[in-house]
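Inside the fold
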Amino acid sequence: MHITEAAIRLNRVTLVMILIVVLGGWVTLKRLPQDEDPGFIVRVAMVTTYFPGASPERVEQLVTDRLEKVIQEISQLDYVESESRAGISIIYVNMEEKYKAMRPIWDELRRKVDKEIRNLPEGVIGPFVNDDFGDVFGQVLALTGEGYSYRELKHVADEVRDELLRIEDVAKVDIVGAQKEQVFLEFNSARLARYGISPLMLKQVLSQRNIITPGGALESGQERINLEPTGNFEAVAEILDTVISVPGRKEVVYLKDLVTVTRGYKDPASSKMHFNGSPALALAISMSKGGDIIRLGKSVEAFKERLERLYPIGVELHHLARQPERVHKSVSNFLSNLMQSIAIVCLVMLVSLGLRTGLLVASLIPVTILMAFLVMGFFGIGIDQVSLAALLISLGILVDNAIVMSESIMTQVREGQSVAEASVNSAKELARPLLTASLTTSFAFLPIYMAKSSTGEYTAPLFKVVTITLVSSWVLALTMIPLFCVWFLKVTPEGGEAAYDTPFYRRYRGVLRGCLSHRWLFVATMCLAFVVAMYGFRYVPKRFMPDSDRSIITATVETPPGSDIAHTEAMVTRIESFITDNVMAKEGGEGVVNWGSFIGKGAPRYIISYRPDPPESSFAYMLINTTSFDAVAEVVAKLQRFCDEKLPEVRASVSRLSVGPPVNHPVAVRISGKSEKKLFELVDGLKSRLRQEPGIREVGDDWGRRTRKLVVRVHQERARRAGITSRDIAISLQGSLSGIQVGQYRENDELIPIVVRSVAADRNDLKKLEGLRVYSITTGRSVPLSQVAEMETAWQNGKIIRRDRLRTVEVYADLYDGFNAMAINGKISRWLAEQSRSWDLGYRYDVAGEAEKSAKANQAIADELPIAAMLIMLLLVLQFNSLRRTMLLICIVPLGLIGVTVGLLVAQSYFGFMTLLGVVALSGIVINNANVLLDRIRIEIDENGLEPADAVVVAAQRRLRPILLTTLTTAGGLLPLWVGGGPLFEPMAVSIIFGLIFATVITLGMVPVLYALFFRVRV
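This report concerns the structure included in the present document. The residue numbers shown here count from 1 along each chain, following its written sequence. Side-chain atom pairs in this predicted model are given and counted only at pLDDT of 80 or more, local residue features only at pLDDT of at least 70, and totals for whole chains, interfaces and linings cover all residues. Note that the side-chain values use all heavy atoms of the structure and ignore hydrogens as well as water.

1. Notes on the overall build of the protein chain
- Each helix is a run of DSSP H or I of at least 4 residues and each strand a run of E of at least 2, with the numbering of both proceeding from the N terminus. Secondary structure summary: the protein chain contains 33 helices and 31 strands in total.
- Expressed as lengths along the three principal axes of its C-alpha atoms, the size of the protein chain is roughly 125 × 80 × 60 Å.
- Note on contacts: a residue pair qualifies if any of its non-hydrogen atoms lie within 4.5 Å across the two residues. Taking contacts inside the protein chain between residues at least 6 apart in sequence as the whole, the part at least 24 apart equals 79%.
- Carbon and sulfur atoms make up 54% of the accessible area of the protein chain, which amounts to about 44700 Å² in all.
- For the charge count, each Lys or Arg is scored as positive and each Asp or Glu as negative, with His and the chain ends excluded. For charged residues, the charge sits on one atom: NZ in Lys, CZ in Arg, CG in Asp, CD in Glu. One way to put it: in the protein chain the 113 positive side-chain charges average out to a point 4 Å from where the 109 negative ones average out. Only the protein chains shown count as covering a residue, and every accessible area follows the Shrake-Rupley method with a 1.4 Å probe.

Put into structure tokens, the structure is as follows:
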């Protein structure tokens, strides 16, 4: 029994199944996890190693290079990037994007790195492998407290963090901007020299005094008593009462006679955080896997309101990054677009088919959508803007199944059959062609799903949801639509061809016969139109991904390499003052709502497309929230202008958020080579060429400027005579200037370092450096530094960056608004190709930035296209058992680009990755329409016995209304996506809408003409 016949006979069962689908889909919709984006796997780990006191060159040679060698043994590795700075090595390990199970890979990375530790030099701290680099902290709360110290704020933050971790769906909470407490013992060098005491001796004395060591136990009768010797510092004041023996004398001296003690924070700070210009801490909240972001947002908001009632006035929590709000807004907008699309499609049905038939066909839409939600829940596909966009794309296509089925039923009823017989016969006739058409459209999206790239992963729900929706539509078109036709369809039997004897159909037949009579002229015209469109395509702007339409601005602030964090903070403070005075939103107006400044390192990964910057004292990142997207452009322009004009020594970049996988700079080129001198000659040449391009705002490179250092050149002979070693000099310098940790002060559950250093007057005065006392570890004697060493000023690289173990400089350019990065990349690529012919062996370049991401994403799809093409060809050959029909369908696919080019130019849009997806979708729709038309021609010839020339015209006129309705419904359904889908989905909607309009001409004109040519049909 055919499925349609069973659905009609067992009509009560069919009705119950439909109700189950509707109710199940509605319940599943309420439970589906919601997110702003589908996301992608971050296949990057960070290996950090500290080598205190080492120059960037030494870090590169002794740490970075050795670790890179063992990391490169990992077979899944894509490439390795490293950054060697003074005292620190940071290595980014990037895995190939075809791998999804990352845990075994990260475990292997750890084993490789741990195995190499024994070969690293003495004094190295680490390496530390961070494979949680991809954790997203969708909610960031800023904690402020007027009049509160960092210590008091940290105490509040710890309490808040503990409570947040108890909330369902919270996986991790990081505290950002906390200042580490230290107890400072500051000495005067002259006073220590008078007693012959060195900082190292202080360390030895304090470590022996400040202990937590058991004293054993004794038995007293039946009781065993533990002995606990005192010595652990219970208060900071106790440190000063430490007794120190004077070397070479019998006298002792109290520590308070040698040093002053203060309790403060690590100096200089490693990082700081501001909120609206005031010192603050940030609490970054990460959601557990599979959690509900909307539910989490409500829980956090309720918790925030409760805390504000409990804590005293002055302690406040502020939303800095608020993903749940963005997700709710984004999903609500898309659901609204979906409802509008459904309304437009239903309206088209009612106007075109009449009330009864229109309602019958339109009933397929909500049931199919709900059935799709039900299946999405079964496969764990959530609601986000990509999956909802897939539903919008499918909306117009899925109606075609109902239109074709109802048209066939009505036609056969007019010819005298009963509705039940016509329904079963139509289903038997159309089941295979409609399934083939649905699957060919679905397989057109298959390369996106199979693409081994983060961008492909980001858009993978398109294939899943389109497939689910179209297959659901096909099932319902064979069951629900025939059943409803039996119940509700009223058609008066009449002559089979009477319905087509109208002025509209007569006009179409005349035009079609004219095209068939002048087939070569028509084909030549279409080919000429295609050539003109391809010529016009060069005027379509090219862009990989657009800027986001969120009301968020980001700013990166870079002071000269080597700058103290206090200087960077001062520059950020000036920018914050400008924001407060000039771009803050007034009551009821547009502008900045609030902002957070992360000084000394990047912000937490608040969206998946942002890659946090590593710790660096000369770097700051600002996250700025505005009232709406309308305010973004003006605020960006004002802030950028202020930074350029008032802070010339600062490299500041103010921009909107980007969409999709991260791209640091729109225009970027990597140049790699061995010799640093030759490398920078090539870099300088490229910078000069970039500055000649219009639209370039700023040109720079990721190495930055060189930094100054003081080389203490030790005279070994003099040092030996004085009983001083190089180690004595290094430790004395460190103890006097940066300070050395001599112990820990324990307070409750906190361990606070005790640091010995010289007084500020000695350690911050370069003139006093030569007179600094150098102590012998063995004898305790001291001599002035100038007696055993000389000071020299030298310059060094602020950092050394490598890629795959080759020194690599990335030259980048930021653009003014309105200029196209892809066009500039194309010009620079051609210039580099010509210049590189004369480069020495061992030097190479790679285009990076937006062009690299675009090429990677497009290539990942292109690599999978043959599989999709073969599957589509196999489906078509299976249906027609004809190679000529299959080749005919393939020939018409490129012609859809005529409409795409026209649409992008008319709408002043751009061609990017999402536009490419629109072209792929369009190809499936074109094949879908043409496929059913060719099958109709076959039926007219094989089953109805018409001559080929008549069969072509009859089949075309029978498919005319369904194809026009499909075009109208698809275009109408995508109108909300064009108008309200934002910059990400607008070009995709434009390409499908205009492409489909032209594809309709192709299907109704070109397919019959090509059929006549391929099969030598005489008209």
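Once you've had a look at it, read on.
2. Describing the packing of aromatic side chains
- Stacked, tilted and edge-to-face are the three classes assigned to paired rings of Phe, Tyr and Trp, where Trp is represented by its six-membered ring and a pair needs centres within 6.5 Å; plane angles under 30 degrees give stacked, over 60 edge-to-face, the rest tilted. Going through the model one piece at a time under the given rule, you end up with 18 aromatic pairs.
- Measuring from centroid to centroid gives 5.8 Å for W978 and F994, while their planes differ by 70 degrees, and the two rings are edge-to-face. Taken together, the residues span a long stretch of sequence, with W978 in helix α32 (residues 948-980) and F994 in helix α33 (residues 982-1014) at a distance of 16 residues.
- Looking at W978, the relative accessible area reads 27%, which means it is partly exposed.
- In this scheme, a residue with accessible area under 20% of its type's maximum is buried, one over 50% is exposed, and one in between is partly exposed, where area comes from a 1.4 Å probe on protein chains only. With a relative accessible area of 16%, F994 lands in the buried category.
- Among the aromatic residues, those joined into a cluster by ring pairs are F484, W487 and F488.
- By definition here, charges over rings are those cases where NZ of Lys or CZ of Arg is within 6 Å of the ring centre and within 35 degrees of the ring normal. Geometry around Y92 places R611 over its ring, the cationic atom sitting 4.2 Å from the centre.
- It is R803 that lies over the ring of Y79; its NZ or CZ is 3.7 Å from the centre.

3. Some details on the side chain of N11
- Mapping N11 onto the fold places it in helix α2 (residues 11-31).
- Overall, N11 belongs to the buried group, its relative accessible area being 19%.
- Here a polar contact is taken to be a pair of N or O atoms separated by no more than 3.5 Å, where protein atoms must pair a possible hydrogen donor with a possible acceptor and residues adjacent in sequence count only if both atoms sit in side chains. Of note is the side chain of N11, whose polar atom sits 2.9 Å from the side chain of R12.
- Once residues within four sequence positions are removed from consideration, N11 is found in contact with L483 and W487.

4. Quick notes on the packing of helix α9 (residues 293-310) against helix α10 (residues 323-353)
- Two elements in contact, α9 and α10, have axes separated by 8 Å at closest approach and are oriented at 135 degrees. Between α9 and α10, the crossing angle belongs to the class labelled oblique. When the axes of α9 and α10 are compared, the crossing they make is left-handed. Here α9 contributes I293, I294 and G297 to the contact with α10, which in turn contributes Q323, P324, V327 and H328.
- For this classification, Asp, Glu, Lys and Arg are treated as charged, while Ala, Val, Leu, Ile, Met, Phe, Trp, Tyr, Cys and Pro are nonpolar and the rest, including Gly, are polar. Here the residues of the contact of α9 with α10 sort into four nonpolar, three polar and no charged. Every angle, taken between N-to-C directions, lies between 0 and 180 degrees, and every axis is a line fitted to C-alpha atoms, over only the stretch in contact when it is a helix. Here the angle decides the label: under 35 degrees means roughly parallel, over 145 means roughly antiparallel, 65 to 115 means roughly perpendicular, and every other value means oblique. In this scheme the handedness of a crossing depends on how the near helix is turned from the far one: anticlockwise by less than a right angle means left-handed, clockwise means right-handed.

5. Observations regarding the sheet that holds strand β16 (residues 315-322)
- Reading across from one edge, β6-β15-β5-β16 is the order of the four strands in this open sheet, with antiparallel pairing throughout. Every other strand in the sheet has two partners, leaving β6 (170-176) and β16 as the edge strands with one partner each. Geometrically, the sheet is characterised by an average inter-axis angle of 25 degrees between neighbouring strands, direction not taken into account.
- Examined bridge by bridge, strand β5 (residues 139-145) and β16 share seven bridges and lie antiparallel to one another. Across the sheet, residue A142 finds its bridge partner in β16, namely H318. Two strands pair under a simple rule: DSSP has to find at least two bridges between them.

6. Quick word on the packing of helix α27 (residues 821-835) against helix α28 (residues 849-880)
- Put simply, α27 and α28 touch, their axes get as near as 9 Å, and they point 95 degrees apart. With respect to their mutual orientation, α27 and α28 come out roughly perpendicular. Across from A821, M822 and N825 in α27, the residues of α28 making contact are E850, A851 and S854.
- Here the contact of α27 with α28 is built from residues that sort into three nonpolar, two polar and one charged.

7. A look at the sheet that holds strand β17 (residues 552-558)
- Spatial ordering of the open sheet is given by β14-β13-β18-β19-β17-β20, a layout of six strands whose pairing is antiparallel. For this open sheet the edge positions go to β14 (278-279) and β20 (651-656), each flanked by a neighbour on one side alone.
- Two elements, strand β18 (residues 592-599) and strand β19 (residues 619-626), share seven bridges in a ladder whose sense is antiparallel. Looking at the pairing, N594 lines up with N625 of β19.
- Helix α21 (residues 632-646) rests against β17, β18, β19 and β20 of the sheet, and its axis sits at about 175 degrees to β20.

8. Concerning the state of the cysteines
- Defined by distance alone, a disulfide is two cysteine sulfur atoms within 2.5 Å. Counting across every chain of the model gives zero disulfides.
- Unpaired in this structure, C891 has its nearest cysteine sulfur neighbour in C527, at a distance of 9.5 Å.
- A relative accessible area of 41% places C891 in the partly exposed class.

9. A word on the side chain of N94
- The topology assignment puts N94 in strand β3 (residues 88-95).
- For N94, a relative accessible area of 6% translates into the label buried.

10. Quick look at unusual backbone geometry
- Following G126, the chain continues to P127 via a peptide bond in cis, the omega torsion being 0 degrees.
- With respect to the helices, strands and loops of the structure, P127 is situated in strand β4 (residues 125-130).
- Not every positive phi belongs to a glycine, and D804 is a case in point at roughly 50 degrees.
- Mapped onto the fold, D804 is located in the loop between β29 (799-803) and β30 (806-815).

11. Thoughts on helix α20 (residues 565-583)
- For α20, built from 19 residues, the straight-helix expectation of 27 Å at 1.5 Å per residue is met to within 8% by its first-to-last C-alpha distance of 26 Å.
- Those residues of α20 that fall on the buried side of the exposure criterion are I565, T568, E569, M571, V572, I575, E576, F578, I579 and V583.
- Looking at the buried side of α20, the elements it contacts are β13 (272-275), β17, β18, β19 and α21.
- Measuring from the backbone nitrogen of A566 back to the side-chain oxygen at the start of α20 gives 2.9 Å, which picks out D564 as the cap. Expected helix span is taken as 1.5 Å per residue step, with the number of steps being one fewer than the number of residues.

12. A word on the pattern of salt bridges
- What makes a salt bridge here is a side-chain nitrogen of Lys or Arg within 4 Å of a carboxyl oxygen of Asp or Glu, nothing more. In the structure shown here, the tally under the stated rule is 46 salt bridges.
- Its salt-bridge partner being E186, residue R757 comes within 3.0 Å of it at the nearest N-O pair. Of this pair, R757 sits in strand β25 (residues 750-758) while E186 is found in strand β7 (residues 181-187), placing the two residues 571 residues apart along the sequence.
- Here R322 makes a salt bridge to E301, at a shortest N to O gap of 3.0 Å. Here E301 lies in helix α9 and R322 lies in strand β16, a separation of 21 residues in the sequence.
- With relative accessibility at 28%, the residue R322 sits in the partly exposed group.

13. Section: the environment of T554
- Tracing the backbone shows T554 in strand β17.
- Between the C-alpha atom of T554 and that of D581, which follows or precedes it by 27 residues, the distance is 19 Å.
- In contact with T554, other than residues within four places in its own chain, are Y606, Y621, M622, L623, S653, V654, S655, R656 and L657.

14. So, a nonpolar patch on the surface
- On the surface, L10, V13, V16, M17 and I20 cluster together to form a nonpolar patch covering roughly 460 Å² of accessible area.
- In this fold, L10 is placed in the loop between α1 (3-9) and α2. A residue counts toward a patch only above 30% relative accessible area and without a salt bridge, and it is joined to like-charged neighbours within 9 Å or, for Val, Leu, Ile, Met, Phe, Trp and Tyr, to nonpolar neighbours within 5 Å.

15. Quick look at α10
- Taking 1.5 Å per residue as the helical rise, α10 with its 31 residues ought to reach 45 Å, and the 44 Å between its terminal C-alpha atoms agrees with that figure.
- Phi turns positive, to about 90 degrees, at G354, one or two residues after α10.

16. Concerning the environment of V129
- Structurally, the position occupied by V129 is in strand β4.
- Owing to a relative accessible area of 17%, V129 belongs among the buried residues under this scheme.
- Sequence separation between V129 and D158 is 29 residues; the distance between their C-alpha atoms is 25 Å.
- Leaving out residues up to four positions away in the same chain, V129 has contacts with M46, V47, L109, R110 and V113.

17. A closer look at the environment of P560
- Along the chain, P560 turns up in the loop between β17 and α20.
- For the pair P560 and S617, spaced 57 residues apart in sequence, the C-alpha to C-alpha distance is 9.8 Å.
- When sequence neighbours within four positions are dropped, the list of residues in contact with P560 reads S618, E649 and R705.

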